[in-house]
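Now for the letters of each chain:
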Amino acid sequence: MNEILKLFLSSYTFKVVTLGCILLGVVSAIIGTFAVLKKESLLGDGISHASLAGICLAFLITGKKELYILLLGALIIGLICIFLIHYTQLKSKVKFDSALAIVLSTFFGLGVVLLALIQREANTNQAGLDKFIFGQAAAFLKKDIYFLIGIIILVLFVILLFWKELKLFSFDPEFAQTKGFSINLMTGILIVLLVISIVMGIQSVGVILMSTMLIAPPVAARQWTDKFNVMMILSGIFGAFSGITGSFISMYYKGLSTGPVIAIVASLIVFFSILFSPKKGILFSKKRTMQGGTK
C-alpha cells in the first residue's frame, strides 16, 4: 500500500491512469450488477467485441483518430448490435445465446477485417487503432478523467431516478409490468447505460476484456450478500480495487498491459469469493456439510 501511495503521489501518469481505471471499474461494476441479475451478462461481451467495427468505421468515414469520434462509432454499432440480438431473438426461433454468438462473431470479424484494411493503407494517422483490442490505459488524459466523472454522475443520476423501477425490473420483469412500469423503457435505459459503460472502457481495457469489468465484480459481490443495495456497493468496491491494483502492477512491472492485468485481478477476486465467501463459498459450504454430518 505504501508503494502504491508513493507512486500515486510522485507520478502524474500513474495518477491519471489510476483515477481513470478506478472510475471505469466503479461505473462498469454498477451497470454490470443489473446485467448479472437479469442473467444477460454475456450481452456486454457481444457489445464490446462489436464495438471494434464501430471504431474502425468511424475512422474510415472521418479519417480522424479523435477519441470521441471513435467512441461515438463504437456507441452506434453497440446499439445496433443489441437491437439485432433482441430482434433476432423475438422474431425468430433463434435463442438469446445463439443470436448473441452470431452477432458477436460477425461484428468482431468485421472489425478485424476493417482494421487490417486500415493498417494496409499508407496513413500514419491510423497508428494505435489496434490498441483498442487489448486497451491502452496509459493513453488516459486529464480531460478523459473529467469525461469519465461526467459519465459516472449521469449514470448514477439515471439509476437513482429510476431506482425502484430498475430494481423491480431486474428481479421480476413480469411483476414490474403489472405495476404499470414500461418494460420497453426499462430495457432501453439499461441497454443505453450498458453500451455507454462499455464504450467508455474499451480505451483502457480493450474490446476483448471489457466484459470482465462488467461481469466479474458483480459476480464476486453476489457471493457475499443477498441484498441488492449491498451487492451494488460491493461490486463498485471490487471494480475500483481491480482498477487501482491492475494499474499499480502494470506500472510497477514495466511492459505489462494495464487492461489484461485489471482483468486478471478482477477474476482472482471472483475465484476468492467463490471459495471463501462465508455465505456461499465452496469451502464454507463443505465445512457446514461436514459439521451437519457429524451431528
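On a predicted model such as this, the values are computed, not experimentally measured, just so you know.

Trainee: Sorry, what's going on with the overall build of the chain here?
Mentor: Helix and strand counts for the chain come out as 14 helices and zero strands. Helices (α) and strands (β) of the chain occur, in sequence order from the N terminus, as α-α-α-α-α-α-α-α-α-α-α-α-α-α. In the chain, which comprises 295 residues, the proportion classed as buried is 48%. Put simply, of all contacts in the chain between residues at least 6 apart along the chain, 71% involve residues at least 24 apart. Accessible area of the chain: about 14,900 Å², with a carbon and sulfur share of 69%.

Trainee: Whenever I open this one, the packing of aromatic side chains confuses me. Can you help?
Mentor: Aromatic ring pairs are defined here through the distance separating the ring centres and the angle between the ring planes. Applying the stated criterion to the full structure yields five aromatic pairs. When the centroid spacing of 4.9 Å and the interplanar angle of 40° are considered together, the rings of Phe272 and Phe276 count as tilted. Note that Phe272 and Phe276 are positioned in helix α13 (residues 258-276) at a spacing of four residues, about one turn of the helix. Take Phe272: its relative accessible area is 46%, and that puts it in the partly exposed class. Relative accessible area serves as the criterion here: at 35%, Phe276 is assigned to the partly exposed category. Among the aromatic residues, those joined into a cluster by ring pairs are Phe34, Trp163 and Phe228. The ring of Phe169 has Lys38 sitting right over it, with the charged end atom 4.1 Å from the ring centre.

Trainee: Teacher, can you tell me more about the environment of Leu75 here?
Mentor: The residue Leu75 is located in helix α4 (residues 67-91) in this model. Residue contacts for Leu75: discarding those within four places in its chain leaves Val195, Ile196 and Val199.

Trainee: Explain the side chain of Gln223 to me, please; I cannot follow it from the model alone.
Mentor: Tracing the chain through its elements places Gln223 in the loop between α11 (210-222) and α12 (228-252). There is a polar contact of 3.0 Å between the side chain of Gln223 and the backbone oxygen of Val219. Excluding anything up to four places from it in sequence, Gln223 contacts Ser273, Ile274, Ser277, Lys279 and Lys280.

Trainee: When you look at helix α5 (residues 96-120) in this model, what are you seeing that I'm missing?
Mentor: A turn of α-helix holds 3.6 residues, and therefore any two residues three or four places apart point the same way. The end-to-end C-alpha distance of α5 is 36 Å, a good match for the 36 Å that 25 residues give at a rise of 1.5 Å each. Turning to α5, its buried residues are Phe96, Ala99, Leu100, Val103, Leu104, Phe107, Gly111, Leu114, Leu115 and Ile118.

Trainee: Is there a simple way to think about the side chain of Ser277 in this case?
Mentor: Note on placement: Ser277 falls in the loop between α13 and α14 (282-294). Taking relative accessible area as the criterion, Ser277 reaches 0% and is therefore assigned buried. For Ser277, the side chain forms a polar contact with the main-chain oxygen of Gln223, separated by 2.4 Å. Ignoring sequence-local partners within four residues, the contact set of Ser277 consists of Gln223, Trp224, Phe272 and Phe284.

Trainee: Quick question: what am I supposed to make of the environment of Asn229 here?
Mentor: Summarising the element assignment, Asn229 is placed in helix α12. Sequence separation between Asn229 and Lys167 is 62 residues; the distance between their C-alpha atoms is 9.5 Å. Sequence-distant contacts of Asn229, that is, excluding residues within four places in its chain, are made with Trp163 and Lys167.

Conventions we followed
Residues numbered from 1 in each chain as written. Predicted model: local features only at pLDDT ≥ 70, side-chain atom pairs only at ≥ 80, totals over all residues. Heavy atoms only, no water. Helix = DSSP H or I, 4+ residues; strand = E, 2+ residues; numbered from the N terminus. Buried < 20%, exposed > 50% of the residue type's maximum accessible area, 1.4 Å probe, protein only. Contact = heavy atoms within 4.5 Å. Areas by Shrake-Rupley, 256 points an atom, 1.4 Å probe, with all protein chains shown as cover. Phe/Tyr/Trp six-rings, centres within 6.5 Å; stacked < 30°, edge-to-face > 60°. Lys NZ or Arg CZ within 6 Å of the ring centre and 35° of its normal. Polar contact = N/O pair within 3.5 Å; in protein donor to acceptor, adjacent residues only side chain to side chain. Expected span 1.5 Å × (residues − 1).

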